Amino acid sequence: MTSIIPATAAATRTGPAPGPSGTGPACTVTAPLAPRARLLPSLAAVYRAQLSRARVARIPLLFVATFQSVGIMILMRGVVDGGAEARAVVAGSSVLVVAFVALNLLAQYFGQLRASGGLDHYATLPVPPAAVVLGAAAAYASFTAPGTVFTAITGSVLFQLPMTHLWVLVAVVPLSGAALAGLGAALGLLAPRPELATLLGQLGMSAALLLGVLPAERLPQPVVWARDLLPSTYGVEALARSFDARPDWGIIAFFLAICAAVGVLSLAVATWAYRRAAVR
């Protein structure tokens, strides 16, 4: 059986140190420290483990998240005809798939992991805390890609939007997924009870639904300010502007850069929350 020893632990042993005559006083010999685990190999290991664990629930997750977003677009089709509002609905519904998995389900997962003592297992592994958070976030976000692409294509056909620049999803999905996954992990780790983590995850997904799918032009100004605080907003804006006949790539890159910055910040908060929860 292979045992895992933290890289920060040093093994010591006490015994007689042989002198010139073969005997001598007892002394302590310190074994060399194991090399510190690097972030990228640790991240890859955690990602593979989480991906394998969550693979069983992959089809139900994709079906529920995608069916929900497509259903919202069908409902909005009777209210919105086209133009900027249609682009906002399709973009918001596509990113909502990411929010359902990366924010809602990840908040529930970390909340249950903290309540069941599962964090103690990860605390004994010689991996950086950031690798645990990033690996779990990346595994959950990976399930969102097929549903997001399917939702975007379905919405483009439904609202007769051009699909020429849907390759923007290559940037929107991981950046929005990182931002929302970091937020979901932080909510789950900071919640004192798993029930509260589930509630916070549901509220976050509801915020992504209401503030992301509804066109910003129809929202009151205080709600627009709240929308600007939501991490997924900037991914929605970038995707919505890619449906223009002549997209402004400068503003799209600007929104994606904001989304990336928010993702780094949310993942940093989630890492801090993991360290805080692991030592309790």
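Look up a bit, the structure's there.
Residues numbered from 1 in each chain as written. Predicted model: local features only at pLDDT ≥ 70, side-chain atom pairs only at ≥ 80, totals over all residues. Heavy atoms only, no water.

Quick look at the nonpolar core now. Within the largest apolar cluster, 70 residues are counted, with the highest numbers of intra-cluster contacts made by L106, Y109, F110 and F159. Looking at this core, the element that brings in the most residues is helix α3 (residues 83–115), giving 18 residues. Discounting residues that sit within four places of it in the chain, F159 has contacts with M73, M76, R77, V80, D81, A86, V89 and V90. (Core = buried A, V, L, I, M, F, W, Y, C linked by side-chain atoms within 4.5 Å. Buried < 20%, exposed > 50% of the residue type's maximum accessible area, 1.4 Å probe, protein only. Helix = DSSP H or I, 4+ residues; strand = E, 2+ residues; numbered from the N terminus. Contact = heavy atoms within 4.5 Å.)

A few words now on the packing of α3 against helix α6 (residues 144–158). Running from N to C, α3 and α6 cross one another at 165°; their axes reach a closest spacing of 8 Å. The angle between α3 and α6 places the two elements in the roughly antiparallel class. Here α3 runs over α6; the crossing is right-handed. Two secondary-structure elements touch here, α3 through V90, S93, S94, V97, V98 and V101 and α6 through T144, G147, T148, T151, A152, G155 and S156. Tallied by class, the residues present in the contact of α3 with α6 amount to five nonpolar, eight polar and no charged. (Axes fitted to C-alpha atoms, helices over the stretch in contact; angles between N-to-C directions. Parallel < 35°, antiparallel > 145°, perpendicular 65-115°, else oblique. Left-handed = near helix turned anticlockwise from the far one by under 90°. Nonpolar A, V, L, I, M, F, W, Y, C, P; charged D, E, K, R; others polar.)

With respect to the secondary-structure elements, T271 resides in helix α11 (residues 249–278). Overall, the relative accessible area of 11% leaves T271 in the buried class. Those residues in contact with T271 that lie beyond four places of it in its chain are P129, A130 and V133.

Turning next to the pattern of salt bridges. Applying the stated criterion across every chain yields a total of three salt bridges. Here R87 makes a salt bridge to D244, at a shortest N to O gap of 3.0 Å. One end of the pair, R87, is in helix α3; the other, D244, is in the loop between α10 (233–241) and α11, and 157 residues separate them in sequence. (Salt bridge = Lys/Arg side-chain N within 4 Å of Asp/Glu carboxyl O.)

Another point: the environment of A65. Within the element layout of this structure, A65 appears in helix α2 (residues 58–77). Since its relative accessible area comes to 1%, A65 is described here as buried. Spatially, the C-alpha atoms of A65 and F100 are 6.2 Å apart, while their sequence positions differ by 35 residues. Apart from residues no more than four positions distant in its own chain, A65 is found in contact with V97, F100 and V101.

Turning our eyes to something else, we now look at a nonpolar patch on the surface. Together, V149, I153, V157 and M163 make up a nonpolar patch on the protein surface, roughly 330 Å² of accessible area in all. Note on placement: I153 falls in helix α6. Looking at I153, the relative accessible area reads 38%, which means it is partly exposed. (Patch = residues over 30% accessible without salt bridge, like charges linked within 9 Å, V, L, I, M, F, W, Y side chains within 5 Å. Areas by Shrake-Rupley, 256 points an atom, 1.4 Å probe, with all protein chains shown as cover.)

Right, let's get into the side chain of S242. Position of S242 relative to the elements: it lies in the loop between α10 and α11. With relative accessibility at 2%, the residue S242 sits in the buried group. Within polar-contact distance, the side chain of S242 engages the backbone oxygen of L239 at 2.5 Å. Every residue in contact with S242, bar those within four places of it in the chain, is listed here: H165, V168, P247 and I252. (Polar contact = N/O pair within 3.5 Å; in protein donor to acceptor, adjacent residues only side chain to side chain.)

Right, let's talk about the packing of aromatic side chains for a bit. Following the criterion strictly, the structure yields five aromatic pairs and no others. Relative to F110, the ring of Y109 has its centre 5.3 Å away and its plane inclined at 70°; by these criteria the two rings are edge-to-face. Each member of the pair, Y109 as well as F110, is classed as buried. Ring plane angle 55° and centroid distance 5.9 Å describe the contact between F254 and F255, whose orientation is recorded as tilted. Of the residues examined, F254 reaches a relative accessible area of 45% and is grouped as partly exposed. By way of ring pairs, the aromatic residues Y234, F254 and F255 are connected into one cluster. (Phe/Tyr/Trp six-rings, centres within 6.5 Å; stacked < 30°, edge-to-face > 60°.)

The next subject is the packing of α3 against helix α8 (residues 194–213). A packed helix pair is summarised by two numbers, namely the angle formed by the two axes and the spacing between the axes. Two numbers describe how α3 lies on α8: the axes approach to 8 Å, and their chain directions differ by 170°. Put simply, α3 runs roughly antiparallel to α8. The residue makeup of the contact of α3 with α8, split by class, is 14 nonpolar, 11 polar and no charged.

One non-glycine residue, Q160, lies in the positive phi region at around 55°. Structurally, the position occupied by Q160 is in the loop between α6 and α7 (169–190). A relative accessible area of 70% places Q160 in the exposed class.

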